[in-house]
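Read off the chains here:
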Amino acid sequence: MAPQVATQLEHRREPLVVQPEQQVAGRQLAQAEAERVAQLRRHRTHLDGVGRGVQAGDVVGRQAPLLAHPDLAAPAAAEPGGGVELGLGLDHRAHDRRAGHTGVDEIPAPESGGRPAVVGAGLAGEPVQRDDVGGAGHRVADRFEPAALGLEPPAQLQLVGSVHARVAHSDPVGGEDDVVDAAGRPGRRRFAPDGARQHGRLHRPGHDRPPVRIGQNEHVVGFGPGPGIGRRDHPHGVGVADRLRTRHGVVSCRRRRDETLTWNIVPRLGLRVADPPSILHLPDDAFLLRGDGFAYALAVTPGGDLRHLHWGGPIEPADVGVLLTDDAREFGSNTWSSPRAHTEELVAHGGRRLDESALKVEFADGVRALDLAAESTAVSGDELTVRLADRHYPFAAELHYRVRGGALERWTTLVNDGDAPIVLDRAYSAGWALPWQPRWVATWLAGAYAAETQLTRRELGPGRLVLESRRGIPGHAAQPWLALDAGDEARASDEAGAVWSVALAWSGSWRLTAELAADGRLHVTAGVNDFDLRHPLPPGTSWTTPVTVGVFAAAGHDELTDRWHAYERTHVVPRPDAVRPVLYNSWEATFFDVRPESQLELARRAAALGAELFVVDDGWFAGREDESAGVGDWTPDRSAFPDGLKPLADEVQALGMRFGVWVEPEAVSPDSDLFRAHPDWIYQWPTRPRTLARQTHLLALSRPDVRAHLVQALDALLSSAPIDALKWDLNRPLTEASSGLEGAGSVWVEHVEGFYEVLDRVRERHPGVWIESCASGGGRADLGVLSRAEWVWPSDNTDALERLAIQHGYAYAHSPHTMMAWVTDSPTYLTKREIPLRFRFHSAMTGLLGVGGNLAEWSDADLAAAAEYVAQYKRIRATVQFGTLRRLSGAPDDVTALSYLAPDGAQVAVFAFAPSVRRLRRTVLLRLRGLDPAAVYADAATGTRYSGALLHHHGLRVALTGDYASELVVLDRI
C-alpha cells in the first residue's frame, strides 16, 4: 500500500459512504482516482495484488471507489457450471499500529479454488439489522446493506459474501469449542479471552485507551439469494454470523445481545470466478473433463458409439463442438481397422476392429465378438460413468472416469446381467488415444534383478511396443508405467515439450501396449495381462478392472515428474504427510544368524546414529537357519527368543526407536508346519511337478481359507509384541496357476485381489503399523501396492553407485518419499565394489535414508561420521521426501546431479556425484531450476549468498575431486 494512503487512514473513525459518482457502471470507472489501480492480471492468486503494484484496498481521501472488471468475470461465469464468489476483505490499518503489520486481511479463496476476476475497494457502515440466531442472546448475526458497493454483476453470476474483520467491542468474548484429546476422546472446552491464546485487536470508537486483545472474527459468511447481491436495488443484505478463531478451530461466540458493534474499517471487495466443475455435460451428449493442466473430451454419437475427442492441454467447452465436426477426410481402405482405435473410448473385439483391443469376451454360445452401444451416462462430482451395453447379449461395460488434480483415473466394470456364464479373455482397464504427431518417442523403466528401473528411451516405429509382466507380480523387467512425447525435434526434454504418460495400479501380471499406425496415430492400452487369463463372469455378477492413470504435462518431463509425485502424495500413499523415519535393517549385518543379543547390540549402535525404526529381517522365526525352511510359520524361534519378540521390541523402543520385522506371508516352505498341515493350499497342477523358487511355494491367496489364515497369523504376530512395522516380501513368481477349487476365477486376478484383501484387513486391525513392500527388491513397486504401503524397497542392490541409476529411474514414476535407500558395508555382498562412506550416505540421502551395514564392525570414526550424516539428513528430509525434484541435466555426462526444493521454497538440497573425476576438472557448475529469481539463498555450511537468478542463469559451483566424489549443498532462503 502506498504510504500516503496509509497516513490518510490513520485517523479515520467514522464509517465511510460511497458516493454515487464513484460507483461502477458496467465497465466504466467514473472516479478519476480509480485510474491508479490497473486491471487485475488473470492469473494472480492474491486479490491484494494488482497491476503496477497498487493495493486493492487503496482508497483516496475519504472515498472508496469500487474497481470492477466484468469483462474478466463474464466469460468465465458463462462457462457451464461456472460461478463467482464475492470476497469482502477489510482494511483495518487505522486501528492496528503494530510494527511490521500491514493491517490487511486477505480475502479468502473459494473452497473449491478459483481465480481472481474482479477486485476493488468498497465499504459497509453500521449494522442495519441484528438478529438473535443462537438463543438466549449468546450469538448474534449482523446484516449489512451492500447497496453502497455498487456492483452490477452479469446476470448469470452467483455471488457469495465472505468477510474477514476486526470489530470495535468493549468486552471480552468467551466461548465453548469442541475438542479432541490425545487419546481421541471428544469433549468440550470453555475458555475466556487472553492475549496468549487469541489474537487481533478490538477497539471502542472514541476512546484512546489501548484496545482489548480478545479474538478475531474470521470466516464470517452469509449467503444471499443469488445473482442480485450487490445490486443497488436489491432488498437483501449479506448475512454475517460472528465466529471466533482459537487454536482449537472456529467456534461460535457468546455475546450480550444489547451491545453494538461498529465497523471502523474499510472493507475491500473482491470477486473470484469459481472453477467450474471437473466434468461438464455439453450439448450433443459430449463431456469435457478438466483437471490441473489438462482436458479430456468424449461424446456419445447419435448411433450410440462412444467417441474419443481429445486428451491433452486445456480446451474450452466451445472447442468440443469444433472437435465433434472435425473431419480428417482420410482416404480410407478396406485394409484398415474400422473404426480406428484412436477414435474410440473402448476398443472392443468384434467386427472389423483390427487394432489392439481392450475387451474380448466369450459368451456361453461360443460367440467371441462384442457389439456395444451407449445406454446411459451419469456424472457424480468428479466422476463420470458411461454404460455401454451389448445390443444382443445381457452384458455391459461401465466406463469410469475420475479427475484427480492433474491426473485422470479410468477403470471399467464388466457386468453379466444374464443367466449364462461369460468368460473374459481380455479385460484391460482402458484405452488411451493420443493426438497425432509426426514423431513419437517412448520412455519407460526397464531392468532386471538388482538393476531395476533403468531409464529407457526409444523412438517408436509403426507397430506395437509391448511392456508386460507374466510373473503374477509387476516384476523387475519393467514398471507398469510409460511416457510418450514427440522427441527432441519438438523440444521434449526435462524443461519443455508436451508429454503423455500412463500407469497401471495393479500388483500382478500386467500389460501396456503402445500401437503406432503408419499415419502417426497412437493408441495405448493398459490393464491386467490377458496371458492365460480366462476369467469367468458368472450370471448376475460383475468384475471391476484395476485403475489406470493418465497424466499430461505441457512443459516436459520435469512437469510430468511433478504431476506424478503430486498424484501419488495426494491420492495414493497412506500417511501422505508423515515424514518417513530413518531406518536400520539388520539383514546384511547378520543374514540368517538372528539372535537377540546381537540384534540388541546393533540396535544400540543404530540408536546412537539417530535411527528411528529398527527392523529385524529374515531369520527370526521358527526353523529359519537358512532359506530352505520355516517360511509360513510366523512365530519366533523359541531357541533364540524363548519369550517371543516382546523383550527385544521393548528394548528397542526403550532406545527411542520403533520396532519392525520381515515377513513373506504369501510364500510357504515345504519344510514348515503350515505346509505339512495344508499341502493343498498352494498353487499346483495335480499331474505336474511343483515349482520351487527360493525354496518356497506360493500360497493360493485366491482361496478364502488361505486369506483368513494369513489375516489371523499376522494379527497374532502383531498382537504378540509391540511391532510398529512390517517389511512385506515376496521372493518368487506365480506358477502352476490353479487353486484347486471348482468354479474359481482366474488365479492371475484373484491372487492379487486376495493380497490386497489381506493387507487391507491387517491394516484395519493394526492401523498404526507401517508397511514396506518388497519383492526380491523392486519386483512389486506399483501404484496398487503403494496405496497400501508407506514405501517400497526399490532393489536388493545397495551398491551406492548402482543405486544412483536405479533411483534416478524410480523417481520418474514415484515420489522420493516412497523410495527406501540403505547405507551398507563396503564392499557390498553383491557387487564387491569399495565405495567411501560419504558417497554411500549421499546416495541414500536422496530418498528415504536407511542403514543396513554391520555396525558392530564399523570404526568409531565411521560411526561418528554416520551420526553426522543422519543428523544432516534429518535437517533436509522434509525437503527430500516432499519437495520438488529436479534432475540437473546440465551437469557433465560423468556427473549425476539433482536438487530438491522444499514445498515452501525455503530450502534447497543439491546433490552431485562423480564416480571418477577426469580431465583435471575439480568443480562443476550446476544450474538450478525452480527457484525464486528475486530471492537470496545462503549456503548453510559456508554462509555464501546467491540470488535465485544467479543460481539459475550462472549456476552453483560444486567441488568434485578424486574417485567416488560426492557433495551435498544445502541452501536456505533468507
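Everything below is about the structure printed above this text.
Residues numbered from 1 in each chain as written. Predicted model: local features only at pLDDT ≥ 70, side-chain atom pairs only at ≥ 80, totals over all residues. Heavy atoms only, no water.

Peer 1: Give me the overall build of the protein: which residues, what numbers.
Peer 2: When helices and strands are counted, the protein shows 15 helices and 52 strands. The proportion of buried residues among the 974 residues of the protein is 57%. Within the protein, counting contacts between residues at least 6 apart in sequence, those at least 24 apart form 70% of the total. On the protein, roughly 38,800 Å² of surface is accessible, and the fraction owed to carbon and sulfur atoms is 50%. (Helix = DSSP H or I, 4+ residues; strand = E, 2+ residues; numbered from the N terminus. Buried < 20%, exposed > 50% of the residue type's maximum accessible area, 1.4 Å probe, protein only. Contact = heavy atoms within 4.5 Å. Areas by Shrake-Rupley, 256 points an atom, 1.4 Å probe, with all protein chains shown as cover.)

Peer 1: How would you explain the pairing of strand β29 (residues 499-504) if you had to name every residue and give the values?
Peer 2: The element β29 is largely enclosed, with a buried count of six among its six residues. Side chains of β29 alternate between two faces, with V499, S501 and A503 and W500, V502 and L504 buried alike. Pairing between strand β28 (residues 478-485) and β29: five bridges, direction antiparallel. By the bridge assignment, L482 is partnered in β29 with V502. Looking at chain direction, β29 and strand β34 (residues 548-553) are connected through six bridges and run antiparallel. By the bridge assignment for β34, L504 is matched with T548. (Pairing = 2+ DSSP bridges.)

Peer 1: Give me the lowdown on the nonpolar core, citing residues and values where you can.
Peer 2: L359 and W620 are the most contacted members of the largest nonpolar core, which has 181 residues in total. Leaving out residues up to four positions away in the same chain, W620 has contacts with V594, W634, T635, P636, D637, F641, L645, V661, W662, V663 and L717. In terms of nonpolar packing, the next biggest core, distinct from the first, is built from 23 residues, L931, A935, Y937 and Y946 among them. (Core = buried A, V, L, I, M, F, W, Y, C linked by side-chain atoms within 4.5 Å.)

Peer 1: Any chance you could break down the packing of aromatic side chains for me, citing the residues and the numbers?
Peer 2: In this structure the tally under the stated criterion is 29 aromatic pairs. Plain terms: the ring middles of W311 and W432 are 4.7 Å apart, the flat faces sit at 40° to each other, and that makes the pair tilted. With W311 in strand β18 (residues 306-312) and W432 in strand β24 (residues 422-434), this residue pair connects regions lying 121 residues apart in the sequence. A connected cluster of aromatic rings, assembled from ring pairs, spans F839, Y900, F911, F913 and Y964. In this structure, K727 packs its charged tip against the face of W793, placed 4.9 Å from the ring centre. The ring centre of F755 lies 3.9 Å from the NZ or CZ of R780, which sits over that ring. (Phe/Tyr/Trp six-rings, centres within 6.5 Å; stacked < 30°, edge-to-face > 60°. Lys NZ or Arg CZ within 6 Å of the ring centre and 35° of its normal.)

Peer 1: Go over the sheet that holds strand β50 (residues 945-947), please, and point to the residues and values.
Peer 2: The strand order β45-β46-β47-β52-β49-β50 describes an open sheet built from six strands, whose pairing is antiparallel. If you trace the sheet from one side to the other, it starts and ends with β45 (884-887) and β50, each paired once. Across the sheet, the mean angle separating the axes of adjacent strands is 25° when strand polarity is ignored. Where strand β47 (residues 907-916) lies against strand β52 (residues 963-973), nine bridges are found, and the strand directions are antiparallel. Counterpart to A909 in the pairing with β52 is V970. Sheet contacts for helix α13 (residues 837-844): β47 and β52; angle to β52, the most-contacted strand, approximately 50°. (Axes fitted to C-alpha atoms, helices over the stretch in contact; angles between N-to-C directions.)

Peer 1: Quick one: what's the story with the packing of helix α12 (residues 800-813) against α13, residue by residue and with numbers?
Peer 2: Between α12 and α13, the least distance of the axes is 9 Å, while the angle of their chain directions is 20°. On the basis of their axis angle, the class for α12 and α13 is roughly parallel. For α12 against α13, the interelement crossing comes out left-handed. Residues A800, L801, R803, L804 and Q807 of α12 form the contact with α13, whose participating residues are F839, R840 and S843. (Parallel < 35°, antiparallel > 145°, perpendicular 65-115°, else oblique. Left-handed = near helix turned anticlockwise from the far one by under 90°.)

Peer 1: Can you lay out the side chain of D425 for me, pointing to particular residues and giving the numbers?
Peer 2: Mapped onto the elements, D425 comes out in strand β24. By relative accessible area, which is 13% here, D425 ends up buried. Within the local environment of D425, its side chain forms a polar contact with the side chain of R534, the two groups lying 2.7 Å apart. Setting aside chain neighbours within four positions, we find D425 in contact with K360, V361, E362, R368, D530, L533 and R534. (Polar contact = N/O pair within 3.5 Å; in protein donor to acceptor, adjacent residues only side chain to side chain.)

Peer 1: Pulling in residues and values, what's your account of the pattern of salt bridges?
Peer 2: The tally for this structure, following the rule as stated, stands at 54 salt bridges. With a closest N to O distance of 3.2 Å, E362 and R534 form a salt bridge. In this pair, E362 is assigned in strand β19 (residues 359-362) and R534 in the loop between β31 (522-528) and β32 (535-537), connecting sequence segments 172 residues apart. For R534, a relative accessible area of 45% corresponds to the partly exposed category. Several salt bridges converge on common partners, so that one network encompasses E356, R426, R464, E468, R470, R511, E515 and D530. (Salt bridge = Lys/Arg side-chain N within 4 Å of Asp/Glu carboxyl O.)

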